[in-house]
Amino acid sequence: LNRRLAEFGTTIFAEMSALATATGSINLGQGFPDTDGPEEIREAAVRALRDGRGNQYPPGPGVPELRTAVAGHQSRFHGLTVDPDTEVLITAGATEAIAAALLALVEPGDEVIALEPYYDSYAACIAMAGGRRVPVTLHPRDGAYHLDLDELRDAVTDRTRLILLNTPHNPTGTVLTRQELAAVAELAVERDLLVVTDEVYEHLVFEGEHLPIAGFPGMRERTLTIGSAGKTFAFTGWKVGWATGTPELVAAVRSAKQFLTYVSAGPFQYAVAEALRLPTEYFDELRDELRAKRDLLSAGLADAGFTVYRPAGTYFVTTDIRPLGESDGFAFCRALPERCGVVAIPNAVFYDHREQGTPFVRFAFSKRKAVLDEAVTRLKRLT
Ligand code: PMP
Ligand code: GLN
């Protein structure tokens, strides 16, 4: 393994899911739903396979049906206009969009600002691109995490190439507000920065609203927006994602993507095109169901003695384990399966400033109600 990747090892998600399997624990670690997405969309995938749509190399930018559906979705939910022919790229999940974007847009030595705690692939992809990551830490205060705009401003240097944004934010569940996004946008315009924004949880917002930064003044021409079918339609295994932005930005990302996977798998693209056209009730129900699960798990964790940072979005809840007399999230998560048969993720892995993340642990609530009930029963045994 080369020096750029040596520090990354195995992702925490693989490690913790393996631990859940090995110990037969309830897996509230890796974020994925334990029920599959809509039957009719699964049928659409079967139909595409059977009818021979997408069984051979699809077009590099993605099948036209899906690009059109992505553009339609951006317009329907966010009022953003994107041209399906030149401003949409279909990728192998958001993960590939992130990797291709960083490989295409970052020069060796460029600085990339990312909100800390950050999703683990950001750090690895910045490193693969030869960039330098500059974390700006979200601070826990009064039951939520907050972005300090002065700290963000201070993090920008002459070497800053782009801000890698994530809202709704994994792992903290923070949804950036209109004021915060406006300030980030102003800063990007003032310092002539690109913004790559990971919005895979755009439909999982329980309080406030998801606002794409691409819609703010001066941002259309400097923003690459990343989305995914994994979270919105509960098909994390399909690995269908997308990037939207100006023709120049999308063409740059496509240049990298063509040598990573060349194209993304075909039949699922047709099915996701149908999914993106589902009636608004689908998206409302998804959000309402997850809100109830958030409330259930948050209340259960609080009863079990954790301090809970109730998320405004995503399907993760971050907790502080210090009220349980614990201080090290890593040790806590390693011991948790043995102690009570539950798996969680130590937030420290998402930090450069590890000490800031040490006592925090993330639980996923994208699970059936009965599973969450059982997890809460088990977690209450800790005290
Ligand atoms: N970004 C964030 C913030 C995530 O939590 C995830 C996890 N699924 C991804 C990107 C990756 O998405 P995908 O599964 O579509 O590659
Ligand atoms: N995004 C998911 C999470 O944060 C996991 C995806 C992965 O394992 N790469 O848990």
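This structure is a prediction, so every number in the text was calculated from the model and none was measured.

Give a description of the environment of D110 that names residues and reports values.
Tracing the backbone shows D110 in the loop between α5 (93-105) and β3 (111-116). With 17 C-beta atoms packed within 10 Å, D110 lands in the partly exposed category. It is 7.7 Å that separates the C-alpha atoms of D110 and G130, two residues lying 20 residues apart in sequence. In this structure, D110 is in contact with G131, R159 and R161, ignoring residues within four places of it in sequence.

Describe the sheet that holds strand β9 (residues 223-228), and please don't skip the residues or the numbers.
Read across the open sheet, the seven strands follow the order β2-β10-β9-β8-β7-β3-β4; overall the sheet is mixed. Two strands in the sheet have a free side with no partner beyond their single neighbour: β2 (88-92) and β4 (132-137). Direction aside, the axes of adjacent strands within the sheet are offset by 25° on average. As paired elements, β9 and strand β10 (residues 240-244) share four bridges and run antiparallel to each other. Following the sheet pairing, G227 is matched in β10 by W242.

Pulling in residues and values, what's your account of the environment of L260?
Structurally, the position occupied by L260 is in helix α10 (residues 247-260). By C-beta crowding, L260 is classed as exposed, having 12 other C-beta atoms within 10 Å. As for L260 and A99, which are separated by 161 residues in sequence, their C-alpha atoms are 9.1 Å apart. Residues contacting L260, with those up to four places away along its chain left out, are E96, A99 and A100.

I'd like a description of the domain arrangement of the protein chain, backed by residues and values.
Parsing the protein chain into structural domains produces domain 1 (3-30 + 281-380) and domain 2 (39-276). Using only C-alpha atoms to locate each centre, domain 1 and domain 2 end up separated by 24 Å. Contacts between domain 1 and domain 2 engage 30 residues on the former and 29 residues on the latter. The set of elements that each furnish at least two residues to the side of domain 1 that touches domain 2 consists of α1 (3-6), α12 (280-303), β12 (316-320) and α14 (354-357).

Tell me about the UniProt feature "domain: Aminotransferase class I/classII large" (unreviewed entry) in the protein chain, and name the residues and values.
Within this numbering scheme, the UniProt entry marks residues 26-379 as carrying the feature "domain: Aminotransferase class I/classII large" (unreviewed entry). Between the C-alpha atoms that bound residues 26-379 there is a distance of 11 Å. The span itself is 42% helix and 18% strand.

Report on the nonpolar core, specifying residues and quantitative values.
If you look at the biggest cluster of nonpolar residues, it comprises 116 residues, and the most contacted ones within it are A101 and L102. Residue contributions to this core peak at nine residues, all from α5. No fewer than three residues from each of domain 1 (3-30 + 281-380) and domain 2 (39-276) sit in this core. When neighbours within four sequence positions are excluded, L102 is seen to be in contact with C125, I126, A129 and G131.

Any chance you could break down the site of ligand 2 for me, citing the residues and the numbers?
Close to ligand 2 lie T11, F13, Q30, G31 and N170, which account for all nearby residues. Across the shell around ligand 2, the residue classes break down as one nonpolar, four polar and no charged.

Please set out the site of ligand 1 residue by residue, giving values where relevant.
Close to ligand 1 lie 13 residues; G93, A94, T95, N170 and S228 are nearest. In the shell around ligand 1, the residues fall into three nonpolar, nine polar and one charged.

Mind laying out unusual backbone geometry, listing which residues take part and the relevant values?
Most peptide bonds take the trans form, and the phi angle of most residues other than glycine is negative. Cis rather than trans, the peptide bond between T167 and P168 has omega equal to -15°. Residue P171 follows N170 across a cis peptide bond; omega there is 10°. Following the sequence through the fold, P171 ends up in the loop between β7 (160-166) and α8 (178-190). In this structure, D192 is a non-glycine residue whose phi angle is positive, near 55°. Along the chain, D192 turns up in the loop between α8 and β8 (194-198). Backbone geometry places Y262, a non-glycine residue, at a positive phi of 65°. Of the residues examined, Y262 has 10 C-beta atoms within 10 Å and is grouped as exposed.

Account for the sheet that holds strand β15 (residues 360-364), with residues named and values stated.
Paired through their backbone hydrogen bonds, the strands of a sheet run either parallel or antiparallel. Spatial strand order, β11-β12-β15-β14: four strands in an open sheet with antiparallel pairing. Each of the sheet's edge strands pairs with one partner strand only, and the pair in question is β11 (307-309) and β14 (345-346). Pairing between β12 and β15: five bridges, direction antiparallel. Each residue of the ladder has a partner; that of V317, found in β15, is F363. Docked against the sheet, α12 engages β11, β12 and β15, running at close to 15° with respect to β12.

Definitions and cut-offs
- Residues numbered from 1 in each chain as written.
- Chains lettered and ligands numbered in written order.
- Predicted model: local features only at pLDDT ≥ 70, side-chain atom pairs only at ≥ 80, totals over all residues.
- Helix = DSSP H or I, 4+ residues; strand = E, 2+ residues; numbered from the N terminus.
- Buried ≥ 20, exposed ≤ 12 C-beta atoms within 10 Å, placed from the backbone.
- Contact = placed C-beta atoms within 7 Å.
- Pairing = 2+ DSSP bridges.
- Axes fitted to C-alpha atoms, helices over the stretch in contact; angles between N-to-C directions.
- Domains from an automatic or database assignment.
- UniProt positions renumbered as here; feature names shortened; annotations may be inferred.
- Core = buried A, V, L, I, M, F, W, Y, C linked by C-beta atoms within 7 Å.
- Near = placed C-beta within 6 Å.
- Nonpolar A, V, L, I, M, F, W, Y, C, P; charged D, E, K, R; others polar.

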